[in-house]
Amino acid sequence: MRFTHLKLENWRNFLKVDVPLQRRVFLVGPNASGKSNLLDVFRFLRDIADDQGGFQRAVKSRRGVSKLRSLHARRYPNIVIDVTIEMEAHTWNYRLEFTQDNLRRPIVSKETVLRNGDVMLDRPNDQDVSDSELLTQTHLEQINANKEFRPIADFFKKIRYLHIVPQLIRDPDRSSGMQGDPFGGDFLEQLVRMPKKTLQSRLRRIVGALKVAVPNFDELELERDERGTPHLKGLYSHWRPDAGWQSEDQFSDGTLRLLGLLWVFLDGTAPLLLEEPELSLHYAVVRNIPGILARLGRRTGRQVMLSTHSAELLADEGIDANEVFLLRPTTEDTVVTVASHDLEIRHLLEGGLSIADVVLPRTAPPVVQQLTLFGDSL
Amino acid sequence: MTSPSISVTVEGNSDEALARKLLELAEFTVSYVYVQGGKDRLDEKLRAFNHAAKFTPWFVLRDLDQDAPCAPDLVKELLPDRAVNMCFRIPVRTAESWLLADRKNISQFLGVPMSKIGANPDDLDDPKTVLINLARKSKSKQIREDIVPPTNAVARVGPAYVSRIIEFSNEYWDPRKASKNSKSLAKCLLALEKLNQALTSKT
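### Observations regarding the side chain of A:Asn13
Mapped onto the elements, A:Asn13 comes out in the loop between strand 1 (2-11) and strand 2 (14-20). Within the structure, A:Asn13 has its side chain in polar contact with the backbone oxygen of A:Ser33 (distance 2.9 Å).

Laid out in structure tokens, this is it:
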């Protein structure tokens, strides 16, 4: 159950994208090249399909069509999202084209669903023509309209995005209070809502991994305080035995981030989107992430798409050039290239260089050395 | 008596597990492991590690590959002035040959008959490819998916290759048994034992 192809037109800073998707996808590019914007396509699909979401809301939370449409899109006003999904021996294709009307409301221009090439949905249809209000919603979000392709609506709903901000786990009052907060605001809440047995078995596995990665880490427990607020407690073996347990506000950024990562790896089998999973982690931990993802993908078929700047992460020789996307900003837009489609990259890899050796220098800003002059700018 | 401590330099993530196993067998305590990310980086810094080895015991593993006809030639070229506590060893031709040398365990791990695994891995031109081709014939789908690169891949190895090599080195590999089939491994173990003796007899 995964995405196998992505096509985009005029989505944010991408005029045109057409790439096959593997089970692991590594997005590499300079700052502000659009790595998060690319991942956001999948969050957008999830937001449309979500029970509390819908098309209007998904666009509104991104501040409207004009913010979503590439600034350089002049001739083709539609924003196009086109994804292919392999699911239980079926190949599905979902395509959504949208723009805005005179009232700046998002409007569906075209929505199609194919299953193994057969047309399951083709909009605008006769009803849409007679009542154009219908085009303010996709059929993806409507239970009474998506019966024929419910599996893909359910699939989109389950997409997970994670970009843990440790400060929000420590101090959930700062978060937006949203459920399923990708930044970790309700992370502990999510944990305590799990069935106890599942929670215990997952915590056990996480403790096993944390013990390997975090020196002296020993035990982990989750409990509610008298006000009902959930807390994580960790025991470190080098502390005096009577020093007691540490709660999550004393955990380091790295420990919290790793905990969040391990948790989300165990949670579900739907596609997972990660922003720079290497943040705050020691490089020796980071270089094992691709191996974790490979095994996870093999066991559960789970797809993971992540952005990264990490040489350590990309040094794993098992990462294939088909799994790596280079994002290269031009004056017009950002161009997405599959690393294996670039001949020079192929030659360097065949010559024995690692993905990190080849790809990271190509995504460095061209005159970045000039940054040092900033130190003299006062 | 406590075991002497030693620092380690290896090419990659997967070599670390193998080095630790060897040092455990030779009764060393590993203090630090310097993973280099490739032999070129290792070669560049070899002088510094050798300098440090004048003062602390050091174990370096570096694949022979096709860089010299035999291991002694490469040692002469890379490290003409070896420090007294430097144990610089060269698997012939890559560390995978040392893993293949433990025929029984590697055949079980890969899920292939032992008869498919040659008795003299030191003679192989490219042990890594041999190991991957063995995995290709594995009866286990997991092994094939993890170790063999997918069709159309540019990568020479499968997505969880490194992770599998680490797993095997840690949990299944028996260097003592393997050393019966690999001369370069046997020599490495002998050198480590000698170094250990020299260090412990001094104290």
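There is more to say, and it comes next.
### Quick notes on the environment of B:Val8
Residues and elements named next belong to chain B. By the secondary structure assignment, Val8 is in strand 1 (residues 5-10). The exposure class of Val8 is buried, given its relative accessible area of 2%. The spatial distance from the C-alpha of Val8 to the C-alpha of Leu42 is 11 Å, given a sequence separation of 34 residues. Once you skip the residues sitting within four places of it in the chain, Val8 turns out to touch Ala19, Leu23, Val30, Tyr32, Val33, Tyr34, Trp58 and Phe59.

### Some words on the interface of chain A and chain B
With 19 residues of chain A at the interface, the matching set in chain B holds 22 residues. Both sides of the chain A and chain B interface together cover about 1,600 Å² of buried area, and 43% of this is carbon and sulfur. Three residues stand out in chain A for area buried against chain B, namely A:Arg295, A:Arg298 and A:Glu317, and they jointly supply 38% of the buried area on that side. In this structure, the connection of chain A to chain B is made through six salt bridges. As a salt-bridge pair, A:Arg298 and B:Asp146 come within 2.5 Å of each other at their nearest N and O atoms. Taken together, the connections running from chain A to chain B amount to eleven residue pairs in polar contact (both at pLDDT 80 or more).

### Observations regarding empty space enclosed by the protein
All names here are of chain A. Under the criterion given, the structure shown has two cavities of 30 Å³ or more. Volume-wise, the largest cavity comes out at about 90 Å³. What lines the largest cavity is simply Leu162, His163, Ile164, Arg257, Leu261, Leu274, Glu275, Glu276 and Pro277. Residue assignment for the lining of the largest cavity shows that the elements contributing at least two residues are helix 9 (253-266) and strand 12 (272-275). If you add up the space inside the second largest cavity, you get close to 50 Å³. Lining the second largest cavity are Leu6, Leu21, Val25, Leu27, Leu38, Leu39, Phe42, Met305 and Phe325. Those elements that place two or more of their residues in the lining of the second largest cavity are strand 3 (24-28) and helix 1 (35-49). In terms of residue count, the dominant contributor to the lining of the second largest cavity is helix 1 (three residues).

### Observations concerning the domain arrangement of chain B
Residue and element names in this part refer to chain B. By domain assignment, chain B separates into domain 1 (5-94 + 182-202) and domain 2 (96-178). For domain 1 versus domain 2, the separation of C-alpha centres amounts to 23 Å. On the domain 1 side of the contact with domain 2, Lys21, Thr94 and Leu185 bury the most area, a combined 30% of that side's loss. Where domain 1 touches domain 2, the interface holds one salt bridge. Ionic pairing is found between Glu193 and Arg176, a salt bridge with its closest N-O pair at 3.2 Å. Between the two partners, domain 1 and domain 2, sit 13 residue pairs in polar contact (both at pLDDT 80 or more).

So, how was this worked out
- Residues numbered from 1 in each chain as written.
- Chains lettered and ligands numbered in written order.
- Predicted model: local features only at pLDDT ≥ 70, side-chain atom pairs only at ≥ 80, totals over all residues.
- Heavy atoms only, no water.
- Helix = DSSP H or I, 4+ residues; strand = E, 2+ residues; numbered from the N terminus.
- Polar contact = N/O pair within 3.5 Å; in protein donor to acceptor, adjacent residues only side chain to side chain.
- Buried < 20%, exposed > 50% of the residue type's maximum accessible area, 1.4 Å probe, protein only.
- Contact = heavy atoms within 4.5 Å.
- Buried area = accessible area lost by both parts, 1.4 Å probe.
- Salt bridge = Lys/Arg side-chain N within 4 Å of Asp/Glu carboxyl O.
- 1 Å grid on protein atoms, 1.4 Å probe; cavity = no way out; pocket = protein on both sides within 12 Å on 5 of 7 lines; lining within 4 Å.
- Points joined across faces, edges and corners; volume = space filled by probe spheres on them.
- Domains from an automatic or database assignment.

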